[in-house]
Amino acid sequence: MSDETKRETKKCPHCAEEVLKEASVCKHCHQPILTEGKTKNAVVSLVLYVVMFFVLFYAFQAFTEHEAEKQMKKLEQMYK
Ligand SMILES: [Zn+2]
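Residues numbered from 1 in each chain as written. Predicted model: local features only at pLDDT ≥ 70, side-chain atom pairs only at ≥ 80, totals over all residues. Heavy atoms only, no water.

(A) Structural detail: the packing of aromatic side chains. Summed over the entire model, instances satisfying the criterion amount to four aromatic pairs. Taking the centre distance of 5.7 Å and the plane angle of 75° together, the rings of Phe 53 and Phe 54 count as edge-to-face. Under the relative-accessibility criterion, Phe 53 is labelled exposed at 52%. Both rings, one in Phe 53 and one in Phe 57, keep their centres 6.2 Å apart while their planes meet at 20°; by these two values the pair is stacked. Taken together, the positions of Phe 53 and Phe 57, both in helix α1 (residues 36-78) and four residues apart, correspond to about one turn of that helix. Ring pairing ties together the aromatic residues Phe 53, Phe 54, Phe 57 and Tyr 58, which thus form one cluster. (Phe/Tyr/Trp six-rings, centres within 6.5 Å; stacked < 30°, edge-to-face > 60°. Buried < 20%, exposed > 50% of the residue type's maximum accessible area, 1.4 Å probe, protein only. Helix = DSSP H or I, 4+ residues; strand = E, 2+ residues; numbered from the N terminus.)

Structure (structure tokens):
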């Protein structure tokens, strides 16, 4: 590992001052800075949430269908 004192910086889009690369708010002009990585992460987590929702939804549907089938078979046997 190299020295931790040297941290990556970028230019603030509002005041053009040097700010830390991970900064979400400029320390000079206090304007919010959207980093590309953070936006990408937000999109990825949103996609993951949507996928998770559909997986859970279909799993739940398959489960309830299976349960309904079992109940129907029970009823069929009762009326035989
Ligand atoms: Zn700034």
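Still more to cover.
(B) Highlighting the coordination of the zinc ion. For the zinc ion, every protein donor is listed as Cys 12 (SG), Cys 15 (SG), Cys 26 (SG) and Cys 29 (SG), and the spread of their distances is 2.2 to 2.3 Å. Coordination at the zinc ion comes from four donor atoms whose angles at the metal span 104 to 115°, giving a geometry best classed as tetrahedral. Each donor residue of the zinc ion lies on the same chain, and together they follow the pattern C-x2-C-x10-C-x2-C. (Donors = N, O, S within 2.8 Å, 3.2 Å for Na, K, Ca; no water. Tetrahedral: all angles 85-135°; square planar, octahedral: opposite > 155°, others 65-115°.)

(C) Focus on the pattern of salt bridges. What the rule picks out here adds up to three salt bridges. Across the pair Glu 8 and Lys 21 runs a salt bridge, and its minimum N-O distance is 3.4 Å. Residue Glu 8 is located in the segment before β1 (9-11), and its partner Lys 21 is located in the loop between β2 (18-20) and α1; the two are separated by 13 residues in the primary sequence. Exposure remark for Lys 21: the relative accessible area of 41% places this residue in the partly exposed category. (Salt bridge = Lys/Arg side-chain N within 4 Å of Asp/Glu carboxyl O.)

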